[in-house]
Amino acid sequence: MIDQNRRHLEQCYDVERWHRVSDIERVDFAWSRQSSKTRYVQDILRAQADDIRGFIAEGASLYVCGSLNGMAPGVATALRDILGNTTIENLMTTTHYRRDVY
């Protein structure tokens, strides 16, 4: 358990570093198992729906990486609710929406 948490923290530090030194506009972390207040990715997406629509309108890309059976379905539903099926299909066609789910 400690090693897994350490790896996750190291990955978070990498993402935070990229955020500071690159064009990554924003980073939000969802800790579904690490605190008393559960936050899922789809909850953050819904709370930030207006910002997400704005980022997409400005040409942003979406990258989703995580559990095929756990996280991915909830995130896909939230994104379709926020952006609509047509926008999601357009993003996928233009490779602005990538999924690495396993």
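Sequence order as written defines residue numbering, which begins from 1 separately in each chain. Residue-level local features of this predicted model are given only where pLDDT is at least 70; pairs of side-chain atoms are given and counted only at 80 or more, and the full residue set underlies all totals for whole chains, interfaces and linings. The basis for the side-chain values is all heavy atoms of the structure; hydrogens and waters are excluded.

Draft legend 1. Just the environment of Asp-43, in detail. Every helix listed is a DSSP run of H or I at least four residues long, and every strand listed is a run of E at least two residues long, numbered separately from the N terminus. Along the polypeptide, Asp-43 turns up in helix H2 (residues 41-47). Along the chain, Asp-43 and Ala-78 lie 35 residues apart, while their C-alpha atoms are 8.2 Å from each other.

Draft legend 2. Region of interest: helix H3 (residues 49-57). Among all positions of H3, only Ala-49, Ile-52 and Ile-56 are buried. One side of H3 carries all its buried residues, which in axial view fall inside an arc of 60°. Opposite the buried face of H3, at more than 90 degrees from it, the exposed residues are Asp-50 and Ala-57. Check the buried side of H3 and you find it contacts H2, strand E1 (62-66), helix H4 (72-83) and helix H5 (85-93). Relative accessibility under 20% of the residue-type maximum defines a buried residue, over 50% an exposed one, and the middle range a partly exposed one, all with a 1.4 Å probe and only protein chains included. Arc definition: it is the arc formed by the directions from the helix axis to the C-beta atoms. A contact between two residues is defined here by any heavy atoms of the two lying within 4.5 Å.

Draft legend 3. The pattern of salt bridges, seen in detail. By convention in these notes, a salt bridge is any Lys or Arg side-chain nitrogen within 4 Å of a carboxyl oxygen on Asp or Glu. A complete count under the given rule lists three salt bridges for this structure. A salt bridge links Asp-81 to Arg-46, with the shortest nitrogen-to-oxygen separation between them at 3.1 Å. Residue Asp-81 is located in helix H4, and its partner Arg-46 is located in helix H2; the two are separated by 35 residues in the primary sequence. Look at Asp-81 and you get exposed, because its relative accessible area is 51%. Residue class for Arg-46 comes out partly exposed when judged on its relative accessible area of 41%. With its nearest N and O atoms 3.1 Å apart, the salt bridge here joins Glu-89 to Arg-80. Here Arg-80 falls in the partly exposed class, since its relative accessible area comes to 29%.

Draft legend 4. View of the side chain of Gln-42. Relative to the helices and strands, Gln-42 is located in helix H2. Not counting residues within four places of it along the chain, the set of residues in contact with Gln-42 comprises Met-71, Gly-74, Val-75 and Ala-78.

Draft legend 5. Expanded view of the confidence of the model for the protein chain. Looking at the protein chain as a whole, its pLDDT mean stands at 82, while 83% of the residues score no less than 70. In the model of the protein chain, helix H1 (residues 2-21) stands out as the element of lowest mean pLDDT, 62, in contrast to H5, which has the highest, 96. On a range of 0 to 100, pLDDT expresses the predictor's confidence in each residue.

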